[in-house]
Structures are given as structure tokens and as C-alpha cells.
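Reading the structure
In case you want the letters, here they are:
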Amino acid sequence: MPLVNGTSYVKWHLPSSTSAEHRGRTNPAPIKEHKVCWDYTKTIPVRLTIDKSNNLQECSVNFEVVQDYNSAGMRGEKITLGYVTLNLAEYVEESEMGPDGEEGVVRRYLMQESKINSTLKIGILMKQVDGERNFVAPPLKTAPVFGGIAGIMAGEQAEQDDIGRR
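Predicted model only: the values in this text are computed from it and were never measured.

What counts, and where the lines are drawn
Residues numbered from 1 in each chain as written. Predicted model: local features only at pLDDT ≥ 70, side-chain atom pairs only at ≥ 80, totals over all residues. Heavy atoms only, no water. Helix = DSSP H or I, 4+ residues; strand = E, 2+ residues; numbered from the N terminus. Buried < 20%, exposed > 50% of the residue type's maximum accessible area, 1.4 Å probe, protein only. Core = buried A, V, L, I, M, F, W, Y, C linked by side-chain atoms within 4.5 Å. Contact = heavy atoms within 4.5 Å. Salt bridge = Lys/Arg side-chain N within 4 Å of Asp/Glu carboxyl O. Phe/Tyr/Trp six-rings, centres within 6.5 Å; stacked < 30°, edge-to-face > 60°. Lys NZ or Arg CZ within 6 Å of the ring centre and 35° of its normal. Pairing = 2+ DSSP bridges. Polar contact = N/O pair within 3.5 Å; in protein donor to acceptor, adjacent residues only side chain to side chain.

Remarks on unusual backbone geometry
Leaving glycine aside, a negative phi is the common case for residues, and trans is the common case for peptide bonds. In this model, H34 sits at a positive phi of 65 degrees, which is unusual for a non-glycine residue. Relative to the assigned elements, H34 resides in the loop between β3 (29-30) and β4 (60-69). When its relative accessible area of 40% is taken as the criterion, H34 is described as partly exposed. Within the chain, N54 stands out as a residue other than glycine whose phi angle is a positive 65 degrees.

Given below as C-alpha cells:
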């Protein structure tokens, strides 16, 4: 988080649905040491579609991180810090493979359309409750993440190695 005071919250929604239960937001949480912890859990039913080739179709979920801060007694201003869009269909296989099947997939995602290198840590657990199981889920894509300065340096070194091999 760029500021050290104020609050922040996350708005989320499934763009393919108009149902009120497929959108929501966390409660605002205080910013402490450039971090925010929402400790937010939401369980919702989501219908995934299978195409004629038995492949699960994409089902996006969008997250928008909003920062709310007050400046010199003025009315609070809200700024969007960034967005993360994920395909829930990619989490089906990984959720089933996890230990005890209760943890799901927990990852940090680099926020898009952001002027800062902030990450959003999200956990997703998908459980099939109804329907056929003879489908193929898309593989979970690698997340664009920011692993700190060590990750940057390792990435730059890998690029240098690739350049040297050409």
C-alpha cells in the first residue's frame, strides 16, 4: 500500500452473473505498515459450463482493491490501487489435488493497472457439488507475481543467461 494511513477494501464480482450473491466487498480494514489484512471468506455456488469437447469454459472473477483516505479534514477520497482477474475454471483440478482438499490454492497476484508493485494474496477452493465429472479443466496459469528484489534479480539473471545463449 502506498500510504500509511487510511483504510482499504476489495470489491469482487463475477462478470458473467447478475445475481447479487456473485458480487460483494470486504469490510474496510486499516492500513498498517503498508499492508492490509482483510481475513475475508466467501462461499458461493458457481455454475461452470462444459463445452462440446468436455472442456470447462472460462468463468472470471474480478477483484478491485480500493484505498480510502482522508486528507486534512477533507471528505475521504477513494482511489483504485489495481485489479486482479482470475479464471475460476483453472482452480478446479488444483483444489482437488490439495492436502485434505480444504486449503485450495493460495497465491499472490501482482495487481494490474496499478502504479505501484502491490500484490493481492487470494485463496480459492473449488468443490464440485453437482453434475457430471467427465470434463477437462484448464491448467492453472502461472501468476504474474512480484517476489521481492531477490525475484527481480533472479529474473534479470535468467534474462541475461538467455541473451548469452542466442
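Next comes the rest of the account.
Brief notes about the nonpolar core
Among the nonpolar cores identified, the biggest contains 25 residues, and F63, V84, L86, Y91, L120 and I122 are the most heavily contacted of them. Elements that contribute at least two residues to this core include exactly β1 (7-13), β4, β5 (77-87), α1 (91-97), β6 (105-110) and β7 (119-124). Apart from residues no more than four positions distant in its own chain, F63 is found in contact with V10, K11, W12, G82, Y83, V84, L86, L120 and I122.

Looking at the pattern of salt bridges
Applying the stated criterion across every chain yields a total of four salt bridges. Where K78 meets D68, a salt bridge forms, and the shortest distance between an N and an O atom there is 3.4 Å. Within this pair, whereas K78 is found in strand β5, its partner D68 is found in strand β4, the two being separated by ten residues in sequence. Of the charged contacts in the structure, one is a salt bridge between K141 and E90, with a shortest N-O distance of 2.9 Å. Highlighted residues: K141 in the loop between β7 and α2 (148-165) and E90 in the loop between β5 and α1, separated in sequence by 51 residues. Taking relative accessible area as the criterion, E90 reaches 7% and is therefore assigned buried.

Let's talk about the packing of aromatic side chains
Evaluation of the coordinates by the stated rule reveals zero aromatic pairs. Its end group placed over the ring of Y9, R25 keeps NZ or CZ at 3.8 Å from the ring centre.

What about the pairing of β1?
Sheet topology places β1 next to β3; two bridges connect them, and they run antiparallel. Residue pairing in the sheet places S8 in a bridge with A29 of β3. Two strands pair when backbone bridges link them, and β1 and β4 are joined in this way by seven bridges, in the antiparallel orientation. In the sheet register, K11 faces β4, and the bridge partner there is E64. Bridge count between β1 and strand β2 (residues 23-25): three bridges; the pairing is antiparallel. Paired with W12 across the strands is G24, a residue of β2.

Details of the side chain of N62
The residue N62 is located in strand β4 in this model. At 3.0 Å, the side chain of N62 and the side chain of T85 are in polar contact.

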